[in-house]
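What follows is the residue order along each chain.
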Amino acid sequence: MTDSMLPILRQMHDADGDRALARLLLAVPDAILLTHQEVVTAICRRRRFDAGERFVLFRITAMRATRDGQGRIADGLADGLTRFCDAMAAFAEGGGA
């Protein structure tokens, strides 16, 4: 029997701790995250990684946001996503809580 789960989703499922999962959440392509949002959210929820679950929701919100005439999302949303990515990256590398 073969494993039909996408490799990055399998890695998330098997990640050794929240920091490893955070690295994968930062790396997952938007298309995969959007298509498999429920799976990724369930992985975070099962692991009780609340920040990861909120991060997924924030990224999905940004992906679905209306763009301006130059194709950009609202400054507040873009800035918030950048700050969240920075915080998640710092956590993944051993900083933060």
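Look up: the structure comes first, before these words.
Worth saying up front: this structure is predicted, and the values here are computed from it rather than measured.

*Asks:* Is there a simple way to explain the overall build of the protein chain in this structure?
*Replies:* When helices and strands are counted, the protein chain shows six helices and zero strands. Helices (α) and strands (β) of the protein chain occur, in sequence order from the N terminus, as α-α-α-α-α-α. A principal-axis box enclosing the C-alpha atoms of the protein chain has dimensions of 50 × 35 × 20 Å. Counting every position in the protein chain, which comprises 97 residues, the buried fraction comes to 32%. If you sum the accessible surface of the protein chain, you get close to 6,100 Å²; carbon and sulfur atoms cover 54% of it. Placing the 13 positive and 13 negative side-chain charges of the protein chain at their respective mean positions leaves the two points 3 Å apart.

*Asks:* In this structure, what is going on with helix H1 (residues 7–14)? I would like to understand it.
*Replies:* Count 3.6 residues to each turn of an α-helix, and residues three or four apart come out pointing the same way. Among the residues making up H1, those that are buried are Ile-8, Leu-9 and Met-12. End-on, the buried residues of H1 take up no more than an arc of 100 degrees, which puts them together on one face.

*Asks:* Explain helix H2 (residues 18–27) to me, please; I cannot follow it from the model alone.
*Replies:* Those residues of H2 that sit buried are Ala-20, Leu-21, Ala-22, Leu-24 and Leu-25. At its buried positions, H2 is contacted by H1, helix H4 (37–46), helix H5 (50–64) and helix H6 (75–92).

Reading guide: rules and limits
- Residues numbered from 1 in each chain as written.
- Predicted model: local features only at pLDDT ≥ 70, side-chain atom pairs only at ≥ 80, totals over all residues.
- Heavy atoms only, no water.
- Helix = DSSP H or I, 4+ residues; strand = E, 2+ residues; numbered from the N terminus.
- Buried < 20%, exposed > 50% of the residue type's maximum accessible area, 1.4 Å probe, protein only.
- Areas by Shrake-Rupley, 256 points an atom, 1.4 Å probe, with all protein chains shown as cover.
- Lys, Arg positive; Asp, Glu negative; His and termini not counted.
- Charge placed at Lys NZ, Arg CZ, Asp CG, Glu CD.
- Arc of directions from axis to C-beta.
- Contact = heavy atoms within 4.5 Å.

Geometric descriptors of this kind do not, in isolation, establish any biological role.
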